[in-house]
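# Structural overview for review
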Amino acid sequence: MYNIIKKYTKPEALAKNAVVRVIGDRGSGKTAYMASLARWPNADTTSPVQSVIPIGEAGEDLITKAQNILEQGLQLEQTAMQHDAINVQDYTLKITLKGQFSWKNPQVGISQLVDISISCKDYSGEFFSDLLQQSSSLQLRNYLEDCLQATGIMLLVDGNSNRKDLEYTNSIDKFVTGLDRTDRDLNSRRIALVLTKCEQPELWVNHHNSSFLAHARFPQLCQRLKTWQQMGGGQVDYFTASAFGMLGNRYPEPNVTIISRDRGGISAVIKDPKRWRPFGLVAPIYWLCTGDRHKELDKG
Amino acid sequence: MSLSLPSSMIEIHEFSTGILSQKTADGGWVSLGFTGQYMNVTVENIPEAIERSIVNREFAVAEGASRDNPAVIGRVIKGGDDTWSVMAVVSRGRDEKGRSASMYRYFFCHGEHSLKDIINWWESKRRPVFNPLETKNTRQSHLFNTASISATEPQAEALALPMYKSEPMLLRPEQQYDLRTIHTLANRKINSHNKGELVSWAFNVEALEKPWRFQVIQAASTPAYEILKRTISNTPQIVAPVVIDEAALKSAIRGLMNSSQVKLEFVKVIVDALNNNQIPTEYWHTLFDAEGAKTAITQNFYSPAMIKLVTLRAIVIPETLLEYISWLNIKPDKKPDENQTIALKFQQEIREEFPKEKLADGIKSLLPKLCNLPPQITPKSVCWILTYRASAWILCSQEIINDISSDLRLINTYHSQTGSYHYSNSGTHTSDSPKFPVNELKCYTELWISLINHWRNLGNNYKKLKKYKPLAQLLEKLYQRSNSSRACELSAFFYQVSDGKVPRKLYNKINQLQESHYSPQIFELRLEPDVSLVESIVSFFLKGEIVPLNLVATLIIAMSIIMFFSGFLLGSEMDFPFLWHQKSEDTSKSQEKSGNQIAEEKAIRTAIHDGNFNKTTKEGVERIINDVKNNVPGSTKKEIIQTINNVLKVDMDNANVDHQGEDRRKAEAIYKFQSDNALKQDGYLRDETIEELERRVEEKIN
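Described in the following lines is the structure provided in the data block.

The rules behind the values
- Residues numbered from 1 in each chain as written.
- Chains lettered and ligands numbered in written order.
- Predicted model: local features only at pLDDT ≥ 70, side-chain atom pairs only at ≥ 80, totals over all residues.
- Heavy atoms only, no water.
- Buried < 20%, exposed > 50% of the residue type's maximum accessible area, 1.4 Å probe, protein only.
- Helix = DSSP H or I, 4+ residues; strand = E, 2+ residues; numbered from the N terminus.
- Pairing = 2+ DSSP bridges.
- Contact = heavy atoms within 4.5 Å.
- Buried area = accessible area lost by both parts, 1.4 Å probe.
- Salt bridge = Lys/Arg side-chain N within 4 Å of Asp/Glu carboxyl O.
- Polar contact = N/O pair within 3.5 Å; in protein donor to acceptor, adjacent residues only side chain to side chain.
- Axes fitted to C-alpha atoms, helices over the stretch in contact; angles between N-to-C directions.
- Core = buried A, V, L, I, M, F, W, Y, C linked by side-chain atoms within 4.5 Å.

## Focus: the pairing of strand 3 (residues 71–79) of chain B
All names here are of chain B. Extensive coverage of strand 3 is indicated by the burial of seven of its nine residues. Where strand 3 lies against strand 4 (residues 82–94), nine bridges are found, and the strand directions are antiparallel. Note on strand 4: the bridge partner recorded for Ala 71 is Val 90. Alignment of strand 3 against strand 8 (residues 200–205), held across four bridges, turns out to be antiparallel. The residue of strand 8 that forms the bridge with Gly 74 is Trp 201.

Put into structure tokens, the structure is as follows:
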């Protein structure tokens, strides 16, 4: 009995990890998401996230990008499309957070701290917008084989690009069928659909209700993901996030200056870098690692 | 490419970053995304050396640093027998969302001395930059008559610049020189240093990813000058050797750590690099640390990728093996935990590809630490890593035994050929004898310094080299696992060196091996058996020594008591050995039965009269069946039971468990197994006995 108690209350942090591929349209905010997560600026002391530590050279590159470009109120460059997926930067982040009780992962709840770590490749947007359409391309096969290593897929969609719902559905359809045909071992995966740039007022008002917001903005995409889940491909869940966050608490406004807006969504830079505090970035990663939603993280 | 061109004609090819583009109303263009391929390529195949150089970021300007006024980068690249002169023109492009990106247009030409011709041609064509609207195909290379341009002298002022510094020559923005001058400066710089470098320069740049890979850099602006200056002064201590395809090596490491299935081509890239003597250990450290090895160790961070990374590091950099063992928290008596299982599976998958000597180097780095006072690692741990069936280092266990043996032979030969010799810690020898051939030693010199110094006094009982006892214990364990007679001899040798006596079992075995009627010798060192108190007393009698009366009286009483109790316990089966010192094989066998037999009988009786014996045995067998089934896919219950029976040499089938005689046979067999493997001897099938038996069964089935 003593041993059982000891086993479940051991002081060291519990470790959970996931191998992730971040996919999504060009300009959906994939690199900004990763850079913002690695930088973790102006951390909220009440947040369950204790620390975010980038591991290795690639992780440090993210911090440099965040400091030299985002914090200067500039726009990140486009992520170049690599010919071979092996050359895509692989970011490793270790995130330490307070545990929460859950019936699915009881030991996670009793342990005081949980270490979640991700090894995450930030694919260039062209993978999602162009390459997936070229079904016989060797390059596509190379990328899909690289995706087989992943236990989780983070599909980032600019929440303001709802007019591209059909195009996204088409791409994700190609993606899941391509993955299915490449994977001999029939591994089950988790796909987190993350609506980004949710600091925009029309998204912000519903950002706590992420599933509702995703279904309302991208009904066809959500339907296709649901079908994939029903056919046993894996699990799907919905999240909202903003890499740049809000300014103010009682009368919040987006901490962004919009540069352009079209049917593909918005592109923007940080308005006030000193008050830069992103939201919703860790929740999808926690879910990809544990299969469980973290209530405190969901609060943003 | 054209076959016969006049000598003054050169053919310049080009290719550009591949994008999808859209023409804008003002006649310009915006990018609609990268294609991941090159476009406007005027050659069938872009030379691989050029592609690798690009992948290695040797032309890369740092993100956010390309400017509207193009930067130009020139470089000579060698690949196999070919040499290429390559010039990249980097300008800033934008996509439809307003985001910028660096767009590259590369021009190249065969040969080492064509960079200035490319400059001349480029300037004569009014400096073309990246332009997606200007399409090119494979027939549209540029022919250029080098004689058409009259030679212009480089700017004289620049030629007065000092060339002695080995770091890149960084030019201030106010020192604006033209491309030809920059090229000449780079040429002069490599000639003055003559280190086999190839020309490389950067013109009008804001920031470079690898500024230390250039001879001359012209900064585009004052802030750029400051940034570049800072980057150059912070140049990593260890940069990639020029001969290395760093990107390929990094990809291979990443590919191995992040993939669930091992791709052997990645392992091959690493093994090839390992065989390249130009790569120093420090560089390997920077490669592994760049992926997070150091952080993983200091922060106790265990993800499957990190475990694989640190495992790979322990193989590639043998000196890190000790750190690896303690990081993985290896406990030889316990079953591998989740992290260790990942590490072992990975080791098993890659081990065959690595040279055995490299693996042996890791173990050799542990030996001095094993023999340190106090030891930094236990013989049990080293034995585990050398004999655990999934361990990579199992492949080199024989190599280690051979190398230790070879070193001892070398030391012995040296001492038999020369007079007295003293090897000091500083590596200098202090007598007139020839220098000890340190380079011929296969293990680390520090391991053998004491041995070399005291070799001639090893037989004297007053000089015991205690530090070698862990080595003796390690070799004894290796002998038990592998039954290697050489390990047995070496173990006995080091027991003699450290304790002045050799455990009885080893002693008897060597006696058997050497078939001598005298005390066995190894490297001219006479072995002395470990003698128990009773045995030494008996030997006194038989040698007719005069002993005090009170001692005789005590002995007689002690012997009577022992005889009485042993007779009581064993009845007529008792067989006392008295004549061990004659060293015949028969007597040595009977000695083994001596006091041990009493303990054995006692343990077996306790075991079989204990109501739990059957249950424990049954559970033990079931546990082994389950574990082996899990660990060795495809093994059947029948096969496992059969193998258990073979190892223990008794029928352990559960159907017959109730019979009294059966119980005794089983307990005896288990006891024998425990005693042969230096386990706790109680006749029960539990704990470490199960683990050891499991290991044996798995080995046999495999």
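## Description of the environment of Lys435(B)
Turning to its location among the elements, Lys435(B) is positioned in the loop between helix 15 (397–417) and helix 16 (445–454). Between the alpha carbons of Lys435(B) and Val72(B) there is a distance of 58 Å; along the sequence they are 363 residues apart.

## Quick notes on the interface of chain B and chain A
Each partner contributes to the interface: chain B provides 42 residues, whereas chain A provides 33 residues. A combined buried area of about 3200 Å² lies between chain B and chain A, and 45% of that area is made up of carbon and sulfur atoms. Linking chain B with chain A are three salt bridges, by the criterion used here. Here Glu57(A) makes a salt bridge to Lys250(B), at a shortest N to O gap of 2.9 Å. Summed over the shared surface of chain B and chain A, the result is 17 residue pairs in polar contact (both at pLDDT 80 or more). Elements supplying a minimum of two residues to the side of chain B that touches chain A: strand 2 (29–39), strand 5 (100–110), helix 6 (246–258), helix 8 (281–290) and helix 10 (304–316) of chain B. Element by element, the count of residues in the side of chain B that touches chain A is highest for strand 2 of chain B, at seven residues.

## Let's talk about the sheet that holds strand 1 (residues 14–24) of chain A
Residues and elements named next belong to chain A. Here we have seven strands laid out as an open sheet, ordered 2-3-4-1-5-6-7, and mixed in their pairing. Looking at which strands have only one partner, the edges of the open sheet turn out to be strand 2 (49–55) and strand 7 (234–240). Pairs of neighbouring strands in the sheet enclose a mean axial angle of 25°, with direction left out of account. Alignment of strand 6 (residues 189–196) against strand 7, held across seven bridges, turns out to be parallel. Among the inter-strand pairings, Leu 193 is bridged to a residue of strand 7, identified as Tyr 238.

## Side note on unusual backbone geometry
Even without being glycine, Asn42(A) reaches a positive phi, approximately 45°. Topologically, Asn42(A) is positioned in the loop between helix 2 (30–39) and strand 2. Residue Asn42(A) is classed as partly exposed on the basis of its relative accessible area of 35%. Even without being a glycine, Lys649(B) presents a positive backbone phi close to 60°. Residue position: Lys649(B) is located in the loop between helix 24 (637–648) and helix 25 (660–676). Of the residues examined, Lys649(B) reaches a relative accessible area of 71% and is grouped as exposed.

## A closer look at the nonpolar core
Among the nonpolar cores identified, the biggest contains 104 residues, and Trp284(B), Trp393(B), Trp448(B), Leu451(B), Leu471(B) and Phe494(B) are the most heavily contacted of them. The element best represented in this core is helix 10 of chain B, accounting for nine residues. With residues near it in sequence (within four places) discarded, Leu471(B) still touches Leu367(B), Leu370(B), Cys371(B), Ile404(B), Trp448(B) and Phe494(B). Leu37(A), Leu76(A), Ala192(A) and Ile285(A) belong to the second largest nonpolar core, which has 48 residues in total.

## Notes on the side chain of Asp682(B)
Counting through the fold element by element, Asp682(B) comes out in the loop between helix 25 and helix 26 (687–701). A distance of 3.0 Å separates the side chain of Asp682(B) from the backbone nitrogen of Tyr684(B), its partner in a polar contact.

## Description of the pattern of salt bridges
Within this structure, the stated rule accounts for 48 salt bridges over all chains. Through salt bridges that share partners, Arg26(A), Glu126(A), Asp95(B), Glu96(B) and Arg99(B) make up one connected network.

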